[in-house]
Amino acid sequence: MIDSSQRFDDLRARYAGSLKRKQQALAVAWRELAAAPGEDHLRRELQLQIHRLAGSALAYGYERIGESARAADIVLHDWDVQAPSLRGAPHELIDRLDAPVHTLLGDLDAAIRDEAQRAPADSNLRVLLIEDDPGQAVLIGAQLEARGCVVRIERGTDALWQALALWPCHAVVLDYWLRGETAAEIAAMLRRESQFAHVALVCFSIERDEQVLRAALDAGCDAALGKAEGPDRLLAVVRECVARPDRSGKTLG
């Protein structure tokens, strides 16, 4: 049973991993409203994102984000409660929002940088290992744990979604051939889910055929390497993939 403190730490880690996505979505919503200030649905979308940040950021200890989100939320709320005849032109709302929204985006950026700097020192690398060979699973898991990783092992995709939801991790390491499924199929499924975009995917397989490994990369894996390269190389590749600000560049291990 995971105690409440550990559960909160897991949820906070997941929230921290979502900050970049929240920042990008907010930036898009702000640009769209600034370009078309008279569109009510764009204003409502921006307000929804800001309102959610005002509540959730404070709950997870991001006070600066919460306070700047609240300031922007107040501007939008005051606009909403005014009678339309008293609001002024839509561009006036953009003028009022410009400073608080840019402050909020800056605070999000600062938090993202802080988390990136803190992660290697304050927490172990959390790796979800997908391996259907029990012997290989135990061996690889033990090798990663001996090198400072926290490892959770699953045998296939049956429990993968639940594991990712309840056990936030930095990376998923998976064999290529898995009980009728392949790393390429699993990677493609994961990459279709935006909430897992921050998770690094590494194919670690006995397979040596470069075309097969390339299929894993093309499907969304960040790297692919053979098991013969050993645990030190695996850990180096995982750390490199986790550290990438944009994991769109795929390389063979």
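Scoring rules and cut-offs
- Residues numbered from 1 in each chain as written.
- Predicted model: local features only at pLDDT ≥ 70, side-chain atom pairs only at ≥ 80, totals over all residues.
- Heavy atoms only, no water.
- Helix = DSSP H or I, 4+ residues; strand = E, 2+ residues; numbered from the N terminus.
- Expected span 1.5 Å × (residues − 1).
- Buried < 20%, exposed > 50% of the residue type's maximum accessible area, 1.4 Å probe, protein only.
- Salt bridge = Lys/Arg side-chain N within 4 Å of Asp/Glu carboxyl O.
- Core = buried A, V, L, I, M, F, W, Y, C linked by side-chain atoms within 4.5 Å.
- Contact = heavy atoms within 4.5 Å.
- Phe/Tyr/Trp six-rings, centres within 6.5 Å; stacked < 30°, edge-to-face > 60°.
- Lys NZ or Arg CZ within 6 Å of the ring centre and 35° of its normal.

A. Focus on helix H2 (residues 40–59). Here H2 contains 20 residues, and its C-alpha end-to-end distance of 29 Å stays within 8% of the 28 Å for a straight helix at 1.5 Å per residue. Restricting attention to buried positions, one finds in H2 the residues Leu42, Arg43, Leu46, Gln47, Gln49, Ile50, Leu53, Ala54, Ser56 and Ala57.

B. Quick peek at the pattern of salt bridges. By the definition in use, this model includes 11 salt bridges. The salt bridge involving Lys227 is made with Glu131; its shortest N-O contact spans 2.8 Å. Of the two residues, Lys227 sits in the loop between strand E7 (223–226) and helix H9 (230–243) while Glu131 sits in the loop between strand E1 (126–130) and helix H5 (134–146), which places them 96 residues apart along the sequence. Each member of the pair, Lys227 as well as Glu131, carries the same accessibility label: buried. Several salt bridges converge on common partners, so that one network encompasses Asp40, Arg43 and Asp80.

C. Quick peek at the nonpolar core. By size, the foremost hydrophobic cluster in this structure holds 30 residues, and its most contacted members are Ile50, Tyr62, Ile65 and Leu97. Secondary-structure elements contributing two or more residues to this core are helix H1 (4–35), H2, helix H3 (63–81) and helix H4 (90–122). Leave out the neighbours within four places in its chain, and Ile50 touches Leu26, Ala69, Ala72, Asp73, Leu76, Val101 and Leu104. By size, the runner-up hydrophobic cluster in this structure holds 27 residues, among which are Leu128, Tyr176, Ala184 and Leu217.

D. How the structure looks around the packing of aromatic side chains. Within this structure, the stated rule accounts for 4 aromatic pairs. Here Tyr15 and Tyr60 contribute two aromatic rings whose centre-to-centre distance is 4.6 Å and whose plane-to-plane angle is 20°, an arrangement assigned as stacked. Of this pair, Tyr15 sits in helix H1 while Tyr60 sits in the loop between H2 and H3, placing them 45 residues apart in sequence. Centre to centre, the rings of Tyr15 and Tyr62 are 5.8 Å apart; their planes meet at 35°, and the pair counts as tilted. Of this pair, Tyr15 sits in helix H1 while Tyr62 sits in the loop between H2 and H3, and the two are 47 residues apart along the sequence. For the pair Tyr15 and Tyr62, one class covers both residues: buried. Three or more aromatic residues joined by ring pairs make a cluster, and in this case those are Tyr15, Tyr60 and Tyr62. Positioned over the ring face of Trp167 is Arg126, at 4.3 Å from the centre of the ring.

E. Structural view of the side chain of Gln47. With respect to the helices and strands, the residue Gln47 is situated in helix H2. Leaving out residues up to four positions away in the same chain, Gln47 has contacts with Asp73, Leu76, His77 and Asp80.

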